[in-house]
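Chain residues, written in single-letter form:
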Amino acid sequence: MTHVEDELATQPDCWTRAAAEAHRHRAALPAPGERVAVVGCGTSHFMAQSAAALREGSGQGETDAFAASEFPHGRPYDRVVALTRSGTTTEVLDLLGRLRGRTRTAAVTADPGSPVMAAADDLVVLDYADERSVVQTRFATTALTLLRAHLGLHTDDAVADARTALTSDLPEDLVTRTQFTFLGRGWTVGLANEAGLKMREASLAWAEAYPAMEYRHGPISVTTRGSATWMFGPAPDGLAQQVRDTGALWVASGLDPLAELVRAQRLAVALAAARGLDPDRPRHLTRSVILTR
């Protein structure tokens, strides 16, 4: 078993622990009414997108999400939350350094010995969700579960669905497809983006992601009998049939959307195996991007 397979299988237990401990981190995480930005790089950026949409959608305050390198320094925030598994990513550390003394910052990380521990004002350490793999799975979903629980939006059903996602069969013939599109709405757009990234990282697949209503505005033109289109959450009216009319496989969401991401992680690993690839050694990637000066 690869590291990534082993780690993605532990997600239900990690989510249960994160949800149970969320109250301990209340002071470090955004309070209702604060104007907040959530930042990250790669997978953490996509989790930031989901977290921001969940918070603002629940009425707890205006919330934006940015890649750390694209943070708008002229825009005022009460708090900036950085998601960083390794705590060593150059763009995140640079951003926190620029914000010190001007904006309160919090970092959610997996490594208590990393430089981010000294860079942020407040810290949340999810060391039990750390990973050996380059390809992120459990840290990302555990961090988002923590934020869902902090917002009062986590339920035990999500954990139960994650266990189902780990044991149920993937849709028939999915691994034989040559092009994959993931769709979301609201907070699940970030999950769709992350599913596409997992496919590219682990299996070198042609994978894309879009807000579901945007799919008709061009991207559907590449959909063929060799495609699979996977929806995270409820689909817009008529879209499933429109995709089926192209000959593509439509994959509907029957689980909590975060648990659907677990299924997509499994697909990425399964496709890597089918292609003779090692998902623990993704091409051109390292566990953290540390830039030389």
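Once a new chain begins, its residue numbering starts again from 1 and follows that chain's sequence as written. Reporting in this predicted model follows two pLDDT cut-offs: at least 70 for local features of residues, and 80 or more for side-chain atom pairs to be given and counted; totals over whole chains, interfaces and linings ignore these cut-offs and use all residues. The side-chain figures draw on all heavy atoms in the structure; neither hydrogens nor water molecules are used.

Caption draft 1: Inspection of the overall build of the protein chain at higher detail. By definition, any uninterrupted DSSP run of H or I lasting at least four residues is a helix, any uninterrupted run of E lasting at least two residues is a strand, and each is numbered from the N terminus. Each helix and strand in the protein chain was counted, giving ten helices and nine strands. Throughout, the radius of gyration refers to the C-alpha atoms, and the reference size of a globule is 2.2 Å times the residue count to the power 0.38. The C-alpha radius of gyration of the protein chain comes to 18 Å, within 12% of the 19 Å expected for a compact globule of 293 residues. If you line up the protein chain on its principal axes, its C-alpha atoms span 55 × 40 × 40 Å. Among the 293 residues that make up the protein chain, the fraction classed as buried is 56%. The contact criterion used throughout is that any non-hydrogen atoms of two residues lie within 4.5 Å. In the protein chain, the proportion of contacts linking residues at least 24 apart, taken out of those at least 6 apart, comes to 72%. Note that accessible areas follow from Shrake-Rupley with a 1.4 Å probe, and for residues the cover is restricted to the protein chains shown. Accessible surface computed for the protein chain: about 12200 Å², of which carbon and sulfur atoms make up 49%. All tallies of charge rest on Lys and Arg as positive and Asp and Glu as negative; His and the ends of each chain are not included. Positions of charges follow a simple convention, taking NZ of Lys, CZ of Arg, CG of Asp or CD of Glu. Between the mean site of the 30 positive side-chain charges and the mean site of the 35 negative ones, the protein chain shows a separation of 3 Å. Relative accessibility under 20% of the residue-type maximum defines a buried residue, over 50% an exposed one, and the middle range a partly exposed one, all with a 1.4 Å probe and only protein chains included.

Caption draft 2: Main features of the sheet that holds strand S8 (residues 227-231). Read from one edge to the other, the open sheet built from four strands follows the order S7-S6-S8-S9, with strand pairing classed as parallel. Strand pairing shows two members of the sheet lacking a second neighbour, strand S7 (206-211) and strand S9 (249-251), which therefore form its edges. Within this sheet the neighbouring strands show an average axis-to-axis angle of 20°, counted without direction. The rule for pairing is simple: two strands pair if DSSP sees at least two bridges between them. Where S8 meets S9, three bridges bridge the pair, whose relative direction is parallel. Looking at the pairing, Trp-230 lines up with Val-251 of S9. Axes here mean lines fitted to C-alpha atoms, for a helix over just the part in contact, with angles spanning 0 to 180 degrees between N-to-C directions.

Caption draft 3: Highlighting the side chain of Arg-266. Counting through the fold element by element, Arg-266 comes out in helix H10 (residues 257-274). For salt bridges, the criterion is a side-chain nitrogen of Lys or Arg within 4 Å of an Asp or Glu carboxyl oxygen. This buried residue, Arg-266, is left without a salt bridge; Asp-169 holds the nearest opposite charge, at 5.7 Å. Of note is the side chain of Arg-266, whose polar atom sits 2.7 Å from the backbone oxygen of Ser-168. What Arg-266 contacts, discounting residues up to four positions off in sequence, is Leu-8, Ala-165, Leu-166, Thr-167, Ser-168 and Leu-170. Identification of polar contacts relies on pairs of N or O atoms within 3.5 Å, with a donor-acceptor requirement for protein atoms, meaning one able to donate a hydrogen and the other able to accept it, and with residues adjacent in sequence counted only if both atoms are side-chain atoms.

Caption draft 4: Geometry of the nonpolar core. Here, nonpolar core means buried Ala, Val, Leu, Ile, Met, Phe, Trp, Tyr and Cys residues that are tied together by side-chain atoms lying within 4.5 Å of each other. The biggest cluster of nonpolar side chains holds 57 residues, and the ones touching the most others in it are Val-108, Leu-126, Phe-180, Phe-182, Met-199 and Phe-232. Ignoring any residue separated from it by four or fewer positions in sequence, one finds Met-199 in contact with Phe-180, Phe-182, Leu-204, Ala-205, Ala-207, Ala-264, Leu-267, Ala-268 and Leu-271. Membership of the second largest hydrophobic core comes to 16 residues, among which are Val-39, Phe-66, Ala-68 and Tyr-77.

Caption draft 5: View of the sheet that holds strand S2 (residues 63-67). The five strands lie next to each other as S2-S1-S3-S4-S5, forming an open sheet whose pairing is parallel. In this open sheet, the two edge strands, each paired with only one partner strand, are S2 and strand S5 (122-125). Pairs of neighbouring strands in the sheet enclose a mean axial angle of 20°, with direction left out of account. Pairing analysis gives four bridges linking strand S4 (residues 104-109) to S5, with the strands arranged parallel.

Caption draft 6: Just the pattern of salt bridges, in detail. Across all of its chains, the model carries 15 salt bridges by this definition. Measuring nitrogen to oxygen at the nearest pair gives 2.8 Å for the salt bridge that ties Asp-122 to Arg-104. With Asp-122 in strand S5 and Arg-104 in strand S4, this pair connects stretches of sequence that are 18 residues apart. Within the structure, one salt-bridge network assembled from shared partners comprises Glu-34, Arg-79, Arg-104 and Asp-122.

Caption draft 7: Just the pairing of S2, in detail. Direction of pairing for strand S1 (residues 36-40) relative to S2: parallel, over a ladder of five bridges. Bridged to Val-39 within S2 is Phe-66. Taken together, S1, helix H3 (residues 43-57) and S2 constitute a β-α-β crossover, and its handedness is right-handed. For the handedness criterion, the strands are oriented away from the viewer, and a crossover whose path from the first strand over the helix to the second runs clockwise is classed as right-handed.

Caption draft 8: Layout of helix H6 (residues 138-150). Residue count minus one, scaled by 1.5 Å, sets the expected span of a helix. Its 13 residues give H6 an end-to-end C-alpha distance of 18 Å, which sits within 8% of 18 Å, the value for a rise of 1.5 Å per residue. Along H6, twelve of the 13 residues are buried, which leaves the element largely enclosed by surrounding structure. Of the residues making up H6, those classed as buried are Arg-138, Phe-139, Ala-140, Thr-141, Thr-142, Ala-143, Leu-144, Thr-145, Leu-146, Leu-147, Arg-148 and His-150. Following H6 by one or two positions, Gly-152 has its phi on the positive side, about 80°.

Caption draft 9: Summary view of the environment of Ala-18. Residue placement: Ala-18 occurs in helix H2 (residues 11-21). With residues near it in sequence (within four places) discarded, Ala-18 still touches Tyr-128, Thr-142, Thr-145 and Leu-146.

Caption draft 10: Main features of the environment of Thr-229. Locating Thr-229 in the fold gives a position in strand S8. Judged by its relative accessible area of 0%, Thr-229 is buried.

Caption draft 11: Just the pairing of S7, in detail. Strand direction decides the pairing type here: strand S6 (residues 179-184) and S7, joined by six bridges, are parallel. Each bridged residue has a counterpart across the sheet, and for Gly-184 the counterpart in S7 is Pro-211. Tracing the backbone out of S6, into helix H8 (residues 188-203) and back to the parallel element S7 gives a crossover that is right-handed.

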